[in-house]
Amino acid sequence: MAGVDYTERIPNNVGLADNRRLLRALEEWQPRYLDWWREMGPDGYQAKQVYLRTAVSVDAQGWAHFDWVRMPDYRWGIFLAEPEPNRVIAFGEHKGTPAWPDVPGEHRGTLRRLIVTQGDTEPASVEQQRHLGRTCPSLYDLRNLFQVNVEEGRHLWAMVYLLHAHFGRDGREEAEALLQRRSGDSDKPRILGAFNEKTPDWLSFFMFSFFTDRDGKYQLAALAESGFDPLARTCRFMLTEEAHHMFVGETGISRVVQRTCEVMREQRTDDVRRHGAIDLATIQRYLNFHYSVSLDLFGSEISTNAANFYTAGVKGRFEETKKTDDHVLRDATYPVTQPDGETIRTVEEPALTALNERLRDDYIADCQRGVDRWNAVIKRHGIAAELRLPHRGFHRAIGNFAGLHVTPDGRVVSAAEWEARRAEWLPTPDDQVFITSLMTPVVEPGRYAGWIAPPARGINGQPLEFEYVRLAGE
Ligand code: BYC
C-alpha cells in the first residue's frame, strides 16, 4: 500500500505518526478490512456519494464534520476521548489506584475477551444490514443506514486499535479473526446470539437500532468505566456516535407508528394492512422479538464472569462514578427476578454476581422511556392502544428463563400452550411476507414510502428533499 499516507488517511488522536509499530500493524490490517467492507458492507452502493458525518477529531467542531463521501473512502479514524488527568479506578479490588495505561498481565485474557466480544458485534451488524439499501423507504433513511454502517466500521477500528496497540501477536490474530467470522454462518458465526439473526427489512432495522444498539450503549458505558484507561477512553468516544444509531431506531419506529395511526384515523379501522401501513399488532410482535433477543445480550442474571470483571476493575456499572455505595459490593445484595416453578419471584442475590441483571434493569428502564414516547404518538391520534415491553422472561435463550415458556405478561405456561400462541407474540411467516411486500425502494428526493411518516427534520439542517445519497453517476 505504498503511497498511502496513513497518518493522513486515518484521522486519529493516538499519535499514530509517531508509533511505527502500530502504524505498520494497521497498514497490514487496513487492506483486509477494505476487502471485508467491499464483500460484506452495503450491497450496491459502494460507488455512490453519500452525505456522511465523519469524525476528524474529538472536539466539538471535529466530530461532526459533514461531507460527500463514497463509503470505501470514508476516513475510518481512531479516537480516544480526552484523558482525565490522574484518573483512578473507581471500583473493585483496585479501587482508588491509578487507572492502567497498559494491560496488566493478570487481566490480559479477560480484557482481550471483552474487547473481542465488543468488536465482533460491529462488523456483524454491518453484515446483517447489507441488503437493506435495496429497499430503502427514502434517501434520508438510506443515508442514515449508511451512517450507522460506516460508524459500526469505525467501532471495529476502535477495538482493533486496542488489540494491535496493547495485545501483541494475540491481538493481531484476534483482529484478523474479526474479519473472518460472518453473521449467521453456521461454521464461523459471530459471537453473540442477536448478531446472528437476520435484519431482512426496515422494520427489523429500526427495531434493531432501538433495542440492540441500546445494548451497545449500556455495554459501552460499563466498559467506559474500565480501569484499563485506553478502553475507557475509546468507549467514551464511541458512545457519542452510538446516540445517533439509537436516534435512527427511535425516530424510525415513531414514524412508522405515526403513519399507522394516521391511516387508522383516516380509514377508521385497525386493519391498516389493506391501506399499506403496518398494523400495531405486527409492530408489537417485532418489538417482542427484538427486545427479547437484546435482553439475552446482557448474559445470565447470575454470573461469576460479571463478578470477576467488576472485582478485577475491568468492567464497571452504568454510571459507576455517580453511584454512592462502596463500589466494591462484597456485602451488598441486589433483587433478581427468577422463575420458581410455576411462578416468578424476586430474590435478593449477591450484588456482585447480579451485575448483568443490574445493567439489564438500567437498559429496560431506558427502553421503557422510548416505548412511552411511541405511545404518546398513539395517544395524540386519539387511539386507545399501547405498545408494551414484554416480560423479561419472555422468549429468552440465555440465563434463568432459557428453556422456560413465559408469556409476554409474565406467566409461566406449558410448552404446548406457548407454542399454540406463538403467532400472537412473535413475527409470523405471514407478517414477514407482508412486511417484505412493503419494502419497495423509494429513492426520489423528498419522497417517503407509504408505511412511514417523513421525519420531523432533515440531517444537519438540510431540507427533507435534500439528495442525501447521489444515486445518479458515480
Ligand atoms: N449469546 O456469565 P454469562 C453493540 C456466553 S452490542 C451467546 O452469562 P457474561 C452493538 C458468555 O460469553 C454490545 N453467548 O455472561 C449493537 C459466556 O461464555 P463462556 C456488545 C452468550 O460473560 C448494535 C457464557 O455465555 N458488547 O455494541 O457475564 C450494533 C456465560 O456467560 C450470550 C458486549 O457484549 C449471548 N447473548 O456476559 C453494533 C460487551 N450471553 O465464558 C454493536 C462485552 C452470554 O462460557 N461483553 N454468552 O465461553 C461482555 O461484557 C460479556 O461477554 C457479555 C456476557 C455481557 C456478553
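Here the structure is a predicted model, which is why all the values come from computation and not from measurement.

A. Here's a closer look at the overall build of the chain. Along the chain, the regular secondary structure elements total 12 helices and five strands. Computed over the C-alpha atoms, the radius of gyration of the chain is 23 Å, within 12% of the 23 Å expected from 2.2 N^0.38 for a compact globule of 474 residues. Each principal axis of the C-alpha atoms in the chain carries an extent, and together these give about 65 × 65 × 40 Å. Across the 474 residues in the chain, those meeting the buried criterion constitute 57%. For the chain, long-range pairs separated by at least 24 residues make up 71% of all intrachain contacts whose partners lie at least 6 apart in sequence. Put simply, the chain shows about 19,500 Å² of open surface, and 48% of that area lies on carbon and sulfur atoms.

B. Layout of the packing of helix α6 (residues 202-223) against helix α7 (residues 229-267). The interhelical angle for the contact between α6 and α7, taken along N-to-C directions, is 155 degrees, at an axis separation of 8 Å. With respect to each other, α6 and α7 are oriented roughly antiparallel. The two elements α6 and α7 meet at a crossing, and its hand is left-handed. Here the residues of the contact of α6 with α7 sort into 17 nonpolar, four polar and five charged.

C. Molecular detail of a positive patch on the surface. Judged by side-chain charge, Arg20, Arg21, Arg24 and Arg172 come together as a positively charged surface patch. Among the elements that make up the positive patch, the one with the highest residue count is helix α2 (residues 20-40) (three residues). Along the chain, the position of Arg172 falls in helix α5 (residues 168-180).

D. Representation of the sheet that holds strand β5 (residues 469-470) within the structure. With antiparallel pairing, three strands are arranged side by side in an open sheet as β2-β1-β5. Because the sheet does not close on itself, it has two edges, and the strands there are β2 (65-70) and β5. As judged from the six bridges shared by strand β1 (residues 49-54) and β2, these two strands associate in the antiparallel manner. Counterpart to Gln49 in the pairing with β2 is Arg70. Running at roughly 50 degrees to β1, helix α4 (residues 139-166) makes contact with β1, β2 and β5 of the sheet.

E. Summary view of the site of the ligand. Close to the ligand lie 29 residues, the nearest being Gln118, Ser300, Ser303, Asn305 and Lys315. In the environment of the ligand, an oxygen atom lies 3.4 Å from a nitrogen or oxygen atom belonging to the side chain of Thr121. Between the ligand and the protein, one listed contact pairs a nitrogen atom with a backbone N or O atom of Gly193 at 3.0 Å. Here the ligand, which alone exposes 1,000 Å², has 81% of that area covered by the protein. For the shell around the ligand, the secondary-structure elements that each account for two or more residues are α3 (108-128), α6 and α9 (304-312). Looking at which element gives the most residues to the shell around the ligand, the answer is α3, with seven residues. Classifying every residue of the shell around the ligand gives nine nonpolar, 13 polar and seven charged.

F. Summary view of the environment of Gly313. The topology assignment puts Gly313 in the loop between α9 and β3 (333-340). Gly313 gets classed as buried once you look at its relative accessible area, which sits at 0%. It is 9.9 Å that separates the C-alpha atoms of Gly313 and Leu223, two residues lying 90 residues apart in sequence. When sequence neighbours within four positions are dropped, the list of residues in contact with Gly313 reads Ile89, Phe91, Trp100, Ser226 and Gly227.

G. Main features of the packing of α2 against α4. At their nearest, the axes of α2 and α4 sit 11 Å apart, and the two run at 145 degrees to each other. Considering only the axes of α2 and α4, their crossing is right-handed. The segment α2 lies against α4, with Arg21, Leu22, Ala25, Leu26, Trp29, Gln30, Tyr33 and Trp37 engaging Asn149, Val150, Gly153, Leu156, Trp157, Val160, Tyr161, His164 and Ala165. Here the residues of the contact of α2 with α4 sort into 12 nonpolar, four polar and one charged.

Thresholds, definitions, all that
Residues numbered from 1 in each chain as written. Predicted model: local features only at pLDDT ≥ 70, side-chain atom pairs only at ≥ 80, totals over all residues. Heavy atoms only, no water. Helix = DSSP H or I, 4+ residues; strand = E, 2+ residues; numbered from the N terminus. Rg over C-alpha atoms; globule rule 2.2 N^0.38 Å. Buried < 20%, exposed > 50% of the residue type's maximum accessible area, 1.4 Å probe, protein only. Contact = heavy atoms within 4.5 Å. Areas by Shrake-Rupley, 256 points an atom, 1.4 Å probe, with all protein chains shown as cover. Axes fitted to C-alpha atoms, helices over the stretch in contact; angles between N-to-C directions. Parallel < 35°, antiparallel > 145°, perpendicular 65-115°, else oblique. Left-handed = near helix turned anticlockwise from the far one by under 90°. Nonpolar A, V, L, I, M, F, W, Y, C, P; charged D, E, K, R; others polar. Patch = residues over 30% accessible without salt bridge, like charges linked within 9 Å, V, L, I, M, F, W, Y side chains within 5 Å. Salt bridge = Lys/Arg side-chain N within 4 Å of Asp/Glu carboxyl O. Lys, Arg positive; Asp, Glu negative; His and termini not counted. Charge placed at Lys NZ, Arg CZ, Asp CG, Glu CD. Pairing = 2+ DSSP bridges. Near = heavy atom within 4 Å. Polar contact = N/O pair within 3.5 Å; in protein donor to acceptor, adjacent residues only side chain to side chain.

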